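# Report on the structure
Now for the letters of each chain:
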Amino acid sequence: VINSELKGRKLEILMDSPLFGRTYRDAPEIDGRVEMGAGGKRLKAGDLVSARITSAAGYLRRAEPV
C-alpha cells in the first residue's frame, strides 16, 4: 500500500549511487530508496534523472530512466 500510488508516475530521482537514488519525497536515512534500472544510461551519484516508477513494494521503489 505504501507508495503503490507512485507506480507509473514520472519523477525526478537524485542519484545517491549508480544503482539507487531518492525523490523529493524522501529523506535520506529515513525513507526507502528508488532502485534504478540503467536503461542503457550510465548513471552516477549526483545525477538528477527523470524516471518512471515501475514497481513499489513497501518503501522500496524501482524505476527506469525516461
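Residues numbered from 1 in each chain as written. Predicted model: local features only at pLDDT ≥ 70, side-chain atom pairs only at ≥ 80, totals over all residues. Heavy atoms only, no water.

We now examine the overall build of the protein chain. A tally of helices and strands in the protein chain yields 0 helices and 5 strands. Moving toward the C terminus, one meets the helices and strands of the protein chain in the order β-β-β-β-β. A compact globule built from 66 residues would reach a C-alpha radius of gyration of about 11 Å, and the protein chain, at 11 Å, matches this within 12%. Principal axes of the C-alpha set define a box for the protein chain whose edges measure 30 × 25 × 15 Å. Residues counted as buried form 32% of the 66 residues belonging to the protein chain. Put simply, of all contacts in the protein chain between residues at least 6 apart along the chain, 56% involve residues at least 24 apart. Each charge sign in the protein chain was given a centre, from 12 positive and 9 negative side chains, and these centres are 6 Å apart. (Helix = DSSP H or I, 4+ residues; strand = E, 2+ residues; numbered from the N terminus. Rg over C-alpha atoms; globule rule 2.2 N^0.38 Å. Buried < 20%, exposed > 50% of the residue type's maximum accessible area, 1.4 Å probe, protein only. Contact = heavy atoms within 4.5 Å. Lys, Arg positive; Asp, Glu negative; His and termini not counted. Charge placed at Lys NZ, Arg CZ, Asp CG, Glu CD.)

Counting across every chain of the model gives 6 salt bridges. Its salt-bridge partner being aspartate 16, residue arginine 22 comes within 3.1 Å of it at the nearest N-O pair. Put simply, aspartate 47 and lysine 44 hold a salt bridge, and the shortest N to O gap is 3.3 Å. Accessibility expressed as a relative area gives 52% for lysine 44, which makes it exposed. (Salt bridge = Lys/Arg side-chain N within 4 Å of Asp/Glu carboxyl O.)

Moving on, we get to the confidence of the model for the protein chain. Scored by pLDDT, the protein chain has a mean of 89; 97% of the residues are at 70 or more. Per-element confidence in the protein chain ranges from a low mean pLDDT of 93 for strand S5 (residues 60-65) to a high of 96 for strand S1 (residues 10-15). (pLDDT = per-residue confidence, 0-100.)

Another point: the packing of aromatic side chains. We describe a pair of aromatic rings using the distance from one ring centre to the other and the angle between the two ring planes. Scanning the model with the defined rule gives 0 aromatic pairs in all. One cation-aromatic arrangement involves arginine 33 over phenylalanine 20; the distance from NZ or CZ to the ring centre is 4.3 Å. (Phe/Tyr/Trp six-rings, centres within 6.5 Å; stacked < 30°, edge-to-face > 60°. Lys NZ or Arg CZ within 6 Å of the ring centre and 35° of its normal.)

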